[in-house]
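Each chain, written out:
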Amino acid sequence: MNQAGEKLFTRKDAGLLAAVLLVAGAAALFLGLPGRAQGELVRITVDGRLYGEYELARDRNIRVEEGTHYNEVVIRDKKVYVTEADCPDRYCVKHHEITKSMETIVCLPHRMVVEIVNVGATKWSAETDGIWESGSHGKPGDAGKPGGFENIDGYTE
Amino acid sequence: MGVECLNPGEGKAQKVKNKMITTRITNISHAFLWIFCCLFSMTGCSLEKGAAGENYTREVFAMDTYMTLTLYEGEAVSDATAALDAAVNEIERLDRLLSTGKDDSEVVALNRNGGGILSEDTRELWESSLEIYRETEGAFDVTIYPVMRAWGFAGGEFRVPEEGELQELTVRVNSSLVQWKASSGKLTLPGQTELDFGGIAKGYTGRKLAEILSSHGVKSALLDLGGNIQLVGCKPDGSKFKIAIRDPENSADAVGVLALEDTAVVTSGGYERYFEEGGLTYHHIIDPSTGCPADRGLSSVTVVCRDGTLADGYSTALFIMGTEKAISFWKEHEQIFDAVFVTEEGQIIVTSGLEKCFTSDRSYRIVRAE
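Residues numbered from 1 in each chain as written. Chains lettered and ligands numbered in written order. Predicted model: local features only at pLDDT ≥ 70, side-chain atom pairs only at ≥ 80, totals over all residues. Heavy atoms only, no water.

(A) Representation of the overall build of chain A within the structure. Regarding its fold elements, chain A presents 2 helices and 8 strands. Going from the N terminus to the C terminus, chain A shows its helices and strands as α-β-β-β-β-β-α-β-β-β. Expressed as a percentage of its 157 residues, the buried residues of chain A come to 45%. (Helix = DSSP H or I, 4+ residues; strand = E, 2+ residues; numbered from the N terminus. Buried < 20%, exposed > 50% of the residue type's maximum accessible area, 1.4 Å probe, protein only.)

In structure tokens form, the structure reads like this:
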């Protein structure tokens, strides 16, 4: 297609190429791909907005503050629980610790949801039925196995 | 070629468009730009829930609970989005209509005005409520609202009401005192009687959502309305959904798993909403006959019924009735629903219709109608 005499690769192209690669690299880093952490993450959302994602394997305390409200979320020994909150019902504090994907702690008054998600398994895996189907994620026989049951699609409670 | 380009047939048009782009690439920088664009659009897709071969989920805070709607793979993206939009609109519409916490809701207006002409939805809810009230001999009663409020379970702060206060309030809890003219749709509440459809609203909503999703061509969905489950069809591979029943004694565990399709599954238990005072635990399932938390030996009741409204109402009523009465009620209605009971002693009782659907690593008993 190129006419005779026209350079295939000009200096301008090289500059543009470098810029494009730089932006692409930055975007990939920013979006967390392809180097995004694999495995189980603790995802906290407030009223549907992402508040933060944290490694389940790394102990830490997260003070989720929205306006004048707060919930103190703790990640310890691969377990997640809420130790303190100023919500009226405090169901989030009473909630059992969560350890596997598909489990959630919800604070209704603050519209806060703490959930464990398995990032590595949410995509690209042909065996995955879907991100809420915990049994197909994580270590085999580990996630979504209450009382020895596998491949749970939902809970009634 | 030109004619084909004008055709709006999506797949074809996309291919043609790609080909045109390819032929237009006349130098390398454009090629890299193109690759970059592709890369970018791919990363965008992967971050969204519900790319091809995935499920589509939507989370909603409504009706005083957290809901997760999941459409299973196999639907086209645009269709799934439209179906989920319609479902969320329906949830919000019903929430606005039925909420006791929203000043402009129909239910608030009915309670304030001592009645009124019922809309289509409240009419259906009231008629279902009345039917369940009669069938369960008052174990399920939507006029319980003033008592719920006294305990702080309907907004406000948790407190243990005094005996005199409860006696006064329970006198007004009686659906049979409500005047209802089906022909005109006019409902009249006796003095100080108030309604709250909270006991069946989620079940009713689940049923409505299933209808809406089906009308959008959805064949496989799991709707979790705060632990009230509504299933649409079965899973895309033809297998049944596996729904775990939460262990009332240890909420990290499950008492068993039900394999089900195209039905509603609703559990009532005292372990989800409760408060503690003076070393005692008070849960939110109030017995209309006493005005106090139901205490007849059951920790949880799970009802499986094709009609979500009934599943919701029955699960509450059976919890209040207690084991023996609940089992005899099931025997009279075995064609309509099935149930799993967990007693305070940890006994698991499963009605015979679920014999083939229920699995557990614990021992359980099957009850039969005869």
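So much for the structure itself; the text now carries on.
(B) Representation of the sheet that holds strand E6 (residues 104–107) of chain A. Residues and elements named next belong to chain A. Read from one edge to the other, the open sheet built from 4 strands follows the order E2-E1-E7-E6, with strand pairing classed as antiparallel. Each having just a single partner strand, strand E2 (49–55) and E6 make up the two edges of the open sheet. Between one strand axis and the next, the sheet turns by 20° as a mean value, whatever way the strands run. (Pairing = 2+ DSSP bridges. Axes fitted to C-alpha atoms, helices over the stretch in contact; angles between N-to-C directions.)

(C) Up close: the side chain of B:Thr263. Residues and elements named next belong to chain B. The topology assignment puts Thr 263 in the loop between strand E9 (254–260) and strand E10 (264–269). Overall, Thr 263 belongs to the buried group, its relative accessible area being 5%. Side-chain polar atoms of Thr 263 contact the backbone oxygen of Cys 305, separated by 3.0 Å. For Thr 263, the contacting residues outside a window of four places in its chain are Ile 229, Gln 230, Leu 231, Val 304, Cys 305 and Arg 306. (Polar contact = N/O pair within 3.5 Å; in protein donor to acceptor, adjacent residues only side chain to side chain. Contact = heavy atoms within 4.5 Å.)

(D) Highlighting the sheet that holds strand E7 (residues 228–232) of chain B. Residues and elements named next belong to chain B. Strand order in the open sheet formed by 9 strands is E1-E2-E6-E7-E10-E13-E14-E15-E17, with mixed pairing between adjacent strands. The outermost strands of the open sheet, each flanked by one partner alone, are strand E1 (56–62) and strand E17 (365–367). On average, each strand axis in the sheet is inclined to that of its neighbour by 15°, with strand direction left out of account. Both strand E13 (residues 298–305) and strand E14 (residues 337–343) contribute to a ladder of 7 bridges, which runs antiparallel. What sits directly across from Val 301, in E14, is Phe 341. Strands in contact with helix H9 (residues 198–215) are strand E2 (65–71), strand E6 (221–225) and E7; relative to E6, the strand with the most contacts, it is inclined by about 155°. Here helix H10 (residues 308–321) sits on the sheet in contact with E7, E10, E13 and E14, set at roughly 155° to E13.

(E) Highlighting a negative patch on the surface. Judged by side-chain charge, B:Glu249, B:Asp295, B:Glu344 and B:Glu345 come together as a negatively charged surface patch. Relative to the elements of secondary structure, B:Glu345 occurs in the loop between E14 and strand E15 (348–351). (Patch = residues over 30% accessible without salt bridge, like charges linked within 9 Å, V, L, I, M, F, W, Y side chains within 5 Å. Areas by Shrake-Rupley, 256 points an atom, 1.4 Å probe, with all protein chains shown as cover. Salt bridge = Lys/Arg side-chain N within 4 Å of Asp/Glu carboxyl O. Lys, Arg positive; Asp, Glu negative; His and termini not counted. Charge placed at Lys NZ, Arg CZ, Asp CG, Glu CD.)

(F) Structural view of the pattern of salt bridges. All names here are of chain B. Following the criterion strictly, the structure yields 27 salt bridges over all chains and no others. As a salt-bridge pair, Arg 273 and Asp 64 come within 3.1 Å of each other at their nearest N and O atoms. Placement of the pair is Arg 273 in the loop between E10 and strand E11 (274–277) and Asp 64 in the loop between E1 and E2, with a sequence separation of 209 residues. Here Arg 159 and Glu 165 are joined by a salt bridge, their closest N and O atoms 2.7 Å apart. With a relative accessible area of 35%, Arg 159 lands in the partly exposed category. Sharing partners across several salt bridges, the network here consists of Glu 124, Arg 207, Lys 208, Glu 211 and Asp 307.

(G) View of the environment of B:Gln192. All names here are of chain B. On the secondary structure map, Gln 192 appears in the loop between strand E5 (186–188) and H9. Gln 192 sits in the exposed class, given a relative accessible area of 58%. Sequence separation between Gln 192 and Arg 172 is 20 residues, and the spatial gap between their C-alpha atoms is 7.2 Å. Residues contacting Gln 192, with those up to four places away along its chain left out, are Pro 146 and Arg 172.

(H) Fine view of the nonpolar core. Formed by 69 residues in total, the largest nonpolar core has its most connected members in B:Leu69, B:Leu71, B:Trp126, B:Leu213, B:Leu318, B:Phe337 and B:Phe341. A per-element tally of this core places helix H4 (residues 77–98) of chain B first, with 9 residues. Each of domain 1 (56–98 + 200–367) and domain 2 (106–188) of chain B accounts for three or more of the residues forming this core. Sequence-distant contacts of B:Trp126, defined by excluding residues within four places in its chain, comprise B:Leu118, B:Val142, B:Ser175, B:Val178, B:Trp180, B:Leu187, B:Leu195 and B:Phe197. With 20 residues, the next largest nonpolar core counts A:Leu56, A:Cys92, A:Met112 and A:Ile116 among its residues. (Core = buried A, V, L, I, M, F, W, Y, C linked by side-chain atoms within 4.5 Å. Domains from an automatic or database assignment.)

(I) Broad picture of the packing of H9(B) against H10(B). Residue and element names in this part refer to chain B. Relative orientation of the contacting elements H9 and H10 amounts to 155°, with a least axis distance of 6 Å. In terms of orientation, H9 and H10 fall into the roughly antiparallel class. For the pair H9 and H10, the crossing hand works out as right-handed. Contacts between H9 and H10 involve Gly 199, Ile 200, Ala 201, Lys 202, Gly 203, Tyr 204 and Arg 207 on the former and, on the latter, Gly 308, Thr 309, Asp 312, Gly 313 and Thr 316. The residue makeup of the contact of H9 with H10, split by class, is 3 nonpolar, 6 polar and 3 charged. (Parallel < 35°, antiparallel > 145°, perpendicular 65-115°, else oblique. Left-handed = near helix turned anticlockwise from the far one by under 90°. Nonpolar A, V, L, I, M, F, W, Y, C, P; charged D, E, K, R; others polar.)

(J) Broad picture of the confidence of the model for chain A. All names here are of chain A. Of the residues in chain A, 65% have a pLDDT of 70 or more, and the chain-wide mean is 74. Here residues 32–37 is modelled with pLDDT under 50, and outside its nearest four sequence neighbours on either side it reaches 9 contacts, counting other chains as well. Across residues 121–148 the pLDDT falls below 50, and counting only partners more than four positions away or on other chains, this stretch makes 69 contacts in the model. (pLDDT = per-residue confidence, 0-100.)

(K) Structural view of the packing of aromatic side chains. A full pass over the atoms with the stated rule returns 14 aromatic pairs over all chains. Arranged with centres 5.7 Å apart and planes meeting at 45°, the rings of B:Phe153 and B:Phe275 form a pair that is tilted. With B:Phe153 in the loop between helix H7 (145–151) and helix H8 (163–171) and B:Phe275 in strand E11, this residue pair connects regions lying 122 residues apart in the sequence. Taken together through their ring pairs, the aromatic side chains of A:Tyr91, B:Trp151, B:Phe153, B:Phe158, B:Tyr274, B:Phe275 and B:Tyr282 make up a single cluster. One cation-aromatic arrangement involves B:Arg246 over A:Tyr155; the distance from NZ or CZ to the ring centre is 3.9 Å. (Phe/Tyr/Trp six-rings, centres within 6.5 Å; stacked < 30°, edge-to-face > 60°. Lys NZ or Arg CZ within 6 Å of the ring centre and 35° of its normal.)

(L) Just the pairing of E7(B), in detail. All names here are of chain B. Among the 5 residues in E7, 5 count as buried, and that is most of the element. Residues Asn 228, Gln 230 and Val 232 line one face of E7 and the alternating positions Ile 229 and Leu 231 line the opposite face, and both faces are buried. With 5 bridges joining them, E6 and E7 adopt antiparallel strand pairing. Residue pairing for E7: Ala 221 is matched across the bridge by Val 232. Following E6, the chain reverses through 2 residues before pairing antiparallel with E7; Gly 226 in that reversal takes a positive phi of roughly 60°. Pairing between E7 and E10: 2 bridges, direction antiparallel. Residue pairing for E10: Ile 229 is matched across the bridge by Val 265.

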